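# Analysis of the macromolecular model
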Amino acid sequence: MGLSAMSDLAKLETEILGAIAAASDEAALEAVRVGALGKKGSISALLATLGKMSPDERKTEGAKINLAKDKVTEALTARRDILKNAALDARLASETIDVTLPTRETPAEQGRIHPLSQVMDELTAIFADMGFSIAEGPDIETDEYNFTKLNFPEGHPAREMHDTFFFNRKEDGSRPLLRTHTSPVQVRTMLSQKPPIRVICPGRTYRIDSDATHTPQFHQVEGLVIDKGSHLGHLKWILAEFCKAFFEVDNVNMKFRPSFFPFTEPSLEVDIQCRRDKGEIRFGEGEDWLEILGCGMVHPNVLRACGIDPDVYQGFAWGMGIDRIAMLKYGINDLRQMFESDTRWINHYGFKPLDVPTLAGGLSS
Ligand code: DAH
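Here is what the cut-offs are and how they apply
- Residues numbered from 1 in each chain as written.
- Predicted model: local features only at pLDDT ≥ 70, side-chain atom pairs only at ≥ 80, totals over all residues.
- Heavy atoms only, no water.
- Helix = DSSP H or I, 4+ residues; strand = E, 2+ residues; numbered from the N terminus.
- Rg over C-alpha atoms; globule rule 2.2 N^0.38 Å.
- Buried < 20%, exposed > 50% of the residue type's maximum accessible area, 1.4 Å probe, protein only.
- Contact = heavy atoms within 4.5 Å.
- Areas by Shrake-Rupley, 256 points an atom, 1.4 Å probe, with all protein chains shown as cover.
- Pairing = 2+ DSSP bridges.
- Near = heavy atom within 4 Å.
- Polar contact = N/O pair within 3.5 Å; in protein donor to acceptor, adjacent residues only side chain to side chain.
- Domains from an automatic or database assignment.
- UniProt positions renumbered as here; feature names shortened; annotations may be inferred.
- Salt bridge = Lys/Arg side-chain N within 4 Å of Asp/Glu carboxyl O.
- Axes fitted to C-alpha atoms, helices over the stretch in contact; angles between N-to-C directions.
- Parallel < 35°, antiparallel > 145°, perpendicular 65-115°, else oblique.
- Nonpolar A, V, L, I, M, F, W, Y, C, P; charged D, E, K, R; others polar.

Secondary structure summary: the protein contains 13 helices and ten strands in total. Relative to the compact-globule value of 21 Å for 365 residues, the protein shows a C-alpha radius of gyration of 42 Å, a clear excess of over 25%. Summarising its shape, the C-alpha atoms of the protein cover approximately 130 × 55 × 40 Å along the three principal directions. When each of the 365 residues of the protein is scored for burial, the buried share is 40%. Considering only contacts within the protein whose residues lie at least 6 apart along the sequence, 65% involve residues at least 24 apart. When the accessible surface of the protein is totalled, it reaches about 20400 Å², and 53% of it is carbon and sulfur.

This is the structure:
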């Protein structure tokens, strides 16, 4: 290849410089560099021809080719700087972070805990702190555990008051049912544990009932204490401490009214004092009284039916509607909303999954 025509070198140089100027990013620029200065590049090829030239020719041609090489190298460096800066500018523009924005919740933080689950966690934390353990029983119960062992005589009107969902009668004549209260878990606990006993039993319960304040499936928490010296004073203290902790107030006033349950003697119902003010409820003051639970001393017949000697042991129990106290505490006015699975409702009334209720850290903070 003859370099005699100088215009060839000038043309090549112009071409390469044009390609450098046109390279739109660093990769394109690198391709131009390889094409010119790489092992098989056009300028490298010219330099390779020097060896075959006479010393004189080599001197003049070599100087020209090297001059072209220097120009190209310089142009490459300059263009690379420009492209690098442009790339950096583009990255800075596209990756801007406004550090003043509030942090976004990760998927694990986005879900919400249902107020009922929250309330179950809260009451578990409170009673666990008092030394209670959790007992559980099945939703499908026997007539024996739901009624008979709890001192409901056959044919007693109290059975009818429970609006029970019965299953079909089995071949042996027994009739399974959906438990109408958590009290059968008392029976199961007394049959399987030796006193002293101190348990709470939260869980689902069922009755044939449906309106703004009743759903066919609802929730209760049962409490049971059996020991030699247990008495109503202990029960009153436990319930008062529970109410103060649960409603997060320094003081609650409670009223104990005589009542009737087959499985307790005496039986009592507990109202707590409150004030309703523009849809808000305040506890520990006001003129209103709200019923929140039933309780009493465990009937000797129940102790006996569960293998505990009523001459040695006595105890007390209570049953509380969880849905009810959840609605009271969190200002929920229609029970049915709790079971509608509306995400807007749960976003409003729900709780953050990582805020686990504890007495030390706050129940509903
Ligand atoms: N089981 C009762 C109900 O569902 C509530 C209840 C009352 C439970 C008194 C008790 C109790 O343990 O002592 O209506």
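Further notes follow.
Next up on the list: the pairing of strand 6 (residues 254-259). Of the strand pairs in this sheet, strand 6 and strand 7 (residues 264-277) are connected by six bridges, and their pairing is antiparallel. Across the sheet, Lys255 pairs through a bridge with Asp271, a residue of strand 7. Between the antiparallel neighbours strand 6 and strand 7 lie four residues.

This brings us to the site of the ligand. Taken together, 15 residues sit near the ligand, with His181, Gln186, Arg207, Gln220 and Glu222 positioned nearest. Within the side chain of His181, an N or O atom sits 2.9 Å from a nitrogen atom of the ligand. Within the backbone of Trp318, a nitrogen or oxygen atom sits 3.4 Å from an oxygen atom of the ligand. Burial of the ligand by the protein amounts to 90% of the accessible area it has alone, namely 350 Å². Looking at the shell around the ligand, the elements that each hand over two or more residues are strand 5 (217-227), strand 9 (288-298) and strand 10 (314-321).

Okay, the domain arrangement of the protein next. The domain boundaries assigned to the protein delineate domain 1 (1-95) and domain 2 (112-349). Each of domain 1 and domain 2 was reduced to a C-alpha centroid, and the two centroids are 88 Å apart.

What follows deals with the side chain of Ser44. For Ser44, the location among the structural elements is in helix 3 (residues 42-48). A polar side-chain atom of Ser44 sits 2.6 Å from the main-chain carbonyl oxygen of Gly38. In this structure Ser44 touches Ala36, Leu37, Gly38 and Lys39, once residues within four positions along its chain are discounted.

Once that is clear, we can look at the UniProt feature "binding site: Mg(2+)" (unreviewed entry) in the protein. Within this structure's numbering, the places UniProt gives as "binding site: Mg(2+)" (unreviewed entry) are Glu265. With respect to the helices and strands, the residue Glu265 is situated in strand 7. Those residues in contact with Glu265, other than ones at most four positions away along the chain, are Met297 and His299.

Glancing now at the pattern of salt bridges. In this structure the tally under the stated criterion is 20 salt bridges. Here Arg33 makes a salt bridge to Glu30, at a shortest N to O gap of 2.8 Å. Here Glu30 and Arg33 lie together in helix 2 (residues 26-37), a separation of three residues that amounts to about one turn. Residue classification places Arg33 among the partly exposed positions, given a relative accessible area of 28%. Residue Glu30 is classed as partly exposed on the basis of its relative accessible area of 34%. Residues Glu241 and Lys244 are paired through a salt bridge, measuring 3.2 Å at the closest nitrogen-oxygen approach.

Where helix 2 contacts helix 4 (residues 55-94), the two axes come as close as 10 Å, and the packing angle between them is 170°. Comparing their axes, helix 4 and helix 2 come out roughly antiparallel. For the pair helix 2 and helix 4, contact is made by Glu26, Leu29, Glu30, Arg33, Ala36 and Leu37 and by Lys69, Val72, Thr73, Leu76, Arg79, Arg80, Leu83, Lys84 and Ala87, respectively. The residue inventory of the contact of helix 2 with helix 4, partitioned by class, reads seven nonpolar, one polar and seven charged.

Another aspect to go through is unusual backbone geometry. Residue Pro196 is bonded to the preceding Pro195 through a cis peptide linkage, with omega at 0°. Located in the positive-phi region is Glu248, a residue other than glycine, with phi close to 55°. Take Glu248: it is sitting in the loop between helix 10 (232-247) and strand 6. One non-glycine residue, Ser341, lies in positive phi territory at about 55°. Structurally, the position occupied by Ser341 is in the loop between helix 12 (322-330) and helix 13 (343-349). A relative accessible area of 70% places Ser341 in the exposed class.

What follows covers the environment of Gly284. Among the secondary structure elements, Gly284 is positioned in the loop between strand 8 (280-283) and strand 9. Overall, Gly284 belongs to the buried group, its relative accessible area being 15%. A C-alpha to C-alpha distance of 5.8 Å links Gly284 and Cys274, two positions ten residues apart in sequence.

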